[in-house]
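Report on the structure
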Amino acid sequence: MGDNRLRAAIERIVTEAENRPLLSAIDAAPRPQKKEIIEILRLLQEVIYPGFYGDAVLYRANLHDHLGDVLFHIHLRLAREIEKVLPREGDRDSSAVDLTTRFFEALPGIADLLAEDVRAAFDGDPAATGFDEIVLAYPGVKAVFTYRLAHALYDLGVPLIPRIMTEFAHLETGVDIHPGARIGRSFFIDHGTGTVIGETTDIGDRVKLYQGVTLGALSFPKNERGELIRGTKRHPTVMDDVVIYAGATILGGETVIGKGCVIGGSVWLTASVPPGTRVTLPNDQLRIETRAVSPAPVRSSK
Amino acid sequence: MGDNRLRAAIERIVTEAENRPLLSAIDAAPRPQKKEIIEILRLLQEVIYPGFYGDAVLYRANLHDHLGDVLFHIHLRLAREIEKVLPREGDRDSSAVDLTTRFFEALPGIADLLAEDVRAAFDGDPAATGFDEIVLAYPGVKAVFTYRLAHALYDLGVPLIPRIMTEFAHLETGVDIHPGARIGRSFFIDHGTGTVIGETTDIGDRVKLYQGVTLGALSFPKNERGELIRGTKRHPTVMDDVVIYAGATILGGETVIGKGCVIGGSVWLTASVPPGTRVTLPNDQLRIETRAVSPAPVRSSK
Amino acid sequence: MGDNRLRAAIERIVTEAENRPLLSAIDAAPRPQKKEIIEILRLLQEVIYPGFYGDAVLYRANLHDHLGDVLFHIHLRLAREIEKVLPREGDRDSSAVDLTTRFFEALPGIADLLAEDVRAAFDGDPAATGFDEIVLAYPGVKAVFTYRLAHALYDLGVPLIPRIMTEFAHLETGVDIHPGARIGRSFFIDHGTGTVIGETTDIGDRVKLYQGVTLGALSFPKNERGELIRGTKRHPTVMDDVVIYAGATILGGETVIGKGCVIGGSVWLTASVPPGTRVTLPNDQLRIETRAVSPAPVRSSK
């Protein structure tokens, strides 16, 4: 009897899965493979940080051929994934191969930006002992690495893949940067867990963020059918040389944080502030009650 | 001499491990295998989102047989893990096989809930470009997927395994939902990193949370021996159509957030609020100091 | 033509990689392998929690030999990684083998501390159903496990490897504890995502933290060349029996949180507080606006 119940349960699950269009992708065109995109990111890490990542120990003698070989394979594999997300032939402006080549042409510029980001991390964190530690162990630097690559694909009009890339970095590092955000040079996110940078955020040069910072949307305008309007500027603009401390939340597409501002921890801000402003939660608004020192909690002996 | 020191050190570590009852599980009954539970979740993902996950490219022609086969194996493997966590025979109400079949009977209802959750994500995030992106790349949606499956096992009285499931989702997504929480239809957590939903939380329909939201306990009553009392309602109740923004903390088992409330970012709330209330941290409590624009920080040339 | 463009793009990427000293580690001494360090942590987990982790089902009969064997291999592999990060021979005080043996001599003491941490988690969380669940599923406990091992290596003067260890725990658990921090007995971090404990933090005994707590630096003094001064006390001191709730931020090397204090959620604190103080964000500073209950949001039918 148990077998019959099980067979009936399985039959029902399968039948409903066949008839649930929202969650199934049956008979559809092939989708990009998450695993493959993660592997492409890993290979790009090897190319951009040669000697730090990858299994091969690299010597000057074999570096040239080795990296050339890796890049050739990245090109093949990335073009194959991009092919899956483009509109059907006839409705597309560029071929997947051409878009991948244009992405490759952007890579040296991205590597230069990343070198400046690594330096910004060293200049911005007194606990950093060297560039090695930053490249190997700083999650904010890893998230920005992934973002800069994803943003280049986003700028080329590649759908879905940039978002899968940054979402992988989000899972790994806790830093959620939408590939559509625009971020200037020498950018550093310290610690990073919980930091969110929305799709239409603009960030200038030499900006430093801490963990738990949100650059988010304030409200979502809807059209006359009650549907969200997509594509408007919904996230803040952060000018050059701004520092934003842990847990601050800054919302709204018209919110501009002026050059050189310092935003304190846990601040919740929905309006613009002029250049050079310091915004903090003052200590004197806290409720402070002194009481007798509590005894140590009860602990059973080990 | 170095070898002697090493041998002595190893001998001491092993001897102490043998005699430390708290941390060792020696001669105990077999424990559930974390890796196996994670693999079961992966297979359930393939069944619930056919075509999105899993290595097989699914066509309507082979879907029925393929999913049936996968489900049969999930049943075998999950029943084997549940067997390990049940009380010994004689002290249990149901067999592991029977509990697993009852879990299967709940799966179509769970899949329906998840379809509504995916739709709520699309309706709630202007950055979403389609259901594909939500299923493949939204961490909040992944966390809720795992929670809904774990909660069904929790409701069937299966110990430990639901918590291992949601804790895996926590590690992956940064969203920590206790399998005991009760959550209504069309639920969406955007971004999600740092969001915590405690064991005795009740959440209504069409609720939307952002990253860093805590629905937690306010205090832990103790019994006359100074031990925590377990099993009381310690976490808030959130009614239908509530929105809670990033970093808000809501605590306490008697705290009720009424229907349609909006709770602003970084708010810390330990009391109930009536339906339709908007609670925010006003900007005018911030300390705002304008100062001369600081020069760009010193940067060594590259 | 596409082929020529691709060849030119690859050539340019490789040439620039060869000439970008900051990001490449070519011809350099071998670096520690992240994967290998993660595997060493996994093996240490098996030694410290025998029976909970590891593939072997352990019985008292084979435990002694099995753990001894695992420890012997950990010693070999860890010494090999430490060798890579030490200064060249002549400039070092101890050999890699000797440092590894001294680390092994510290392990029984660390295991005792971890047993107290597990007990503190059970005593501190009413949702905990047993030690099993804590060892297998509590991310804060996993982060503290990794921290205590990394801190022992840090105390022995081993560079880089402790930071790679804690950063792996950070990626896995969202809890970022610098290996240089000093943390007392019976320490518990509940939920944990987003919690940051800086390099020069001092924490007493029986302290409990929640998710999103930052124990961070307030400002970074610079030398006359505008460079950060490294190595000063920059992070707070937290005395015995303190509880710090979700999202609180405590900053500064001179900030001392006295014995038995309770710091409320989302508090931002940059000054010392005397023993027994309770610091909270009062509810009455919130802006609370009642409005008509909004209708349920527009939802298309499924």
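Residues numbered from 1 in each chain as written. Chains lettered and ligands numbered in written order. Predicted model: local features only at pLDDT ≥ 70, side-chain atom pairs only at ≥ 80, totals over all residues. Heavy atoms only, no water.

Some words on the sheet that holds strand E2 (residues 182–183) of chain A
All names here are of chain A. Read from one edge to the other, the open sheet built from 4 strands follows the order E2-E5-E8-E11, with strand pairing classed as parallel. The sheet is open, and its two borders are formed by E2 and strand E11 (256–257), each paired with just one other strand. In terms of strand pairing, E2 meets strand E5 (residues 202–203) through 2 bridges, oriented parallel. Residue Ile183 lies in a different strand from E5, and its bridge partner there is Ile203. (Pairing = 2+ DSSP bridges. Helix = DSSP H or I, 4+ residues; strand = E, 2+ residues; numbered from the N terminus.)

Let's talk about the interface of chain A and chain B
Opposite the 73 residues of chain A that make contact, chain B presents 79 residues. Here chain A meets chain B over a buried area of about 6800 Å², counting both sides, of which 57% is carbon and sulfur. Taken together, the links from chain A to chain B amount to 3 salt bridges. The residue Asp98 of chain B makes a salt bridge to Arg5 of chain A at a minimum N-O spacing of 3.1 Å. Remark: the boundary between chain A and chain B carries 8 residue pairs in polar contact (both at pLDDT 80 or more). Among the elements that make up the side of chain A that touches chain B, the one with the highest residue count is helix H1 (residues 2–18) of chain A (12 residues). Looking at the side of chain A that touches chain B residue by residue, the classes come out as 30 nonpolar, 18 polar and 25 charged. (Contact = heavy atoms within 4.5 Å. Buried area = accessible area lost by both parts, 1.4 Å probe. Salt bridge = Lys/Arg side-chain N within 4 Å of Asp/Glu carboxyl O. Polar contact = N/O pair within 3.5 Å; in protein donor to acceptor, adjacent residues only side chain to side chain. Nonpolar A, V, L, I, M, F, W, Y, C, P; charged D, E, K, R; others polar.)

Things to note about the domain arrangement of chain A
If you check the domain split of chain A, you get domain 1 (26–174) and domain 2 (194–281). Between the C-alpha centres of domain 1 of chain A and domain 2 of chain A there is a distance of 26 Å. (Domains from an automatic or database assignment.)

Considerations on the relation of the copies chain B and chain C
Structural alignment of chain B on chain C gives an RMSD of 0.0 Å, achieved by rotating through 120° and translating 0.0 Å along the axis. When the rotation and shift are considered jointly, the pair of chain copies conforms to a three-fold rotation axis. Little of the interface of chain B is mirrored in chain C, where only 14% of its interface residues are also at the interface. (Least-squares fit on C-alpha atoms with pLDDT ≥ 70 in both.)

A short note on the packing of aromatic side chains
Residues and elements named next belong to chain A. On inspection of all chains with the given rule, the structure shows 15 aromatic pairs over all chains. Their ring planes at 65° and their centres at 5.3 Å tell us that Phe122 and Phe131 sit as a pair that is edge-to-face. Residue Phe122 is classed as partly exposed on the basis of its relative accessible area, which comes to 23%. (Phe/Tyr/Trp six-rings, centres within 6.5 Å; stacked < 30°, edge-to-face > 60°. Buried < 20%, exposed > 50% of the residue type's maximum accessible area, 1.4 Å probe, protein only.)

Some details on the interface of chain B and chain C
Listed by partner, the interface residues are 74 residues for chain B and 78 residues for chain C. Roughly 6800 Å² of surface becomes buried between chain B and chain C when both sides are summed, with 57% attributable to carbon and sulfur atoms. Summed over the shared surface of chain B and chain C, the number is 3 salt bridges. Linking chain B with chain C are 8 residue pairs in polar contact (both at pLDDT 80 or more), by the criterion used here. Elements that contribute at least two residues to the side of chain B that touches chain C include exactly helix H1 (2–18), helix H2 (34–48), helix H4 (96–124), helix H7 (161–173), strand E13 (268–269) and strand E14 (277–280) of chain B. Looking at the side of chain B that touches chain C element by element, the count peaks at 12 residues for H1 of chain B. Classifying every residue of the side of chain B that touches chain C by side-chain character gives 30 nonpolar, 19 polar and 25 charged.

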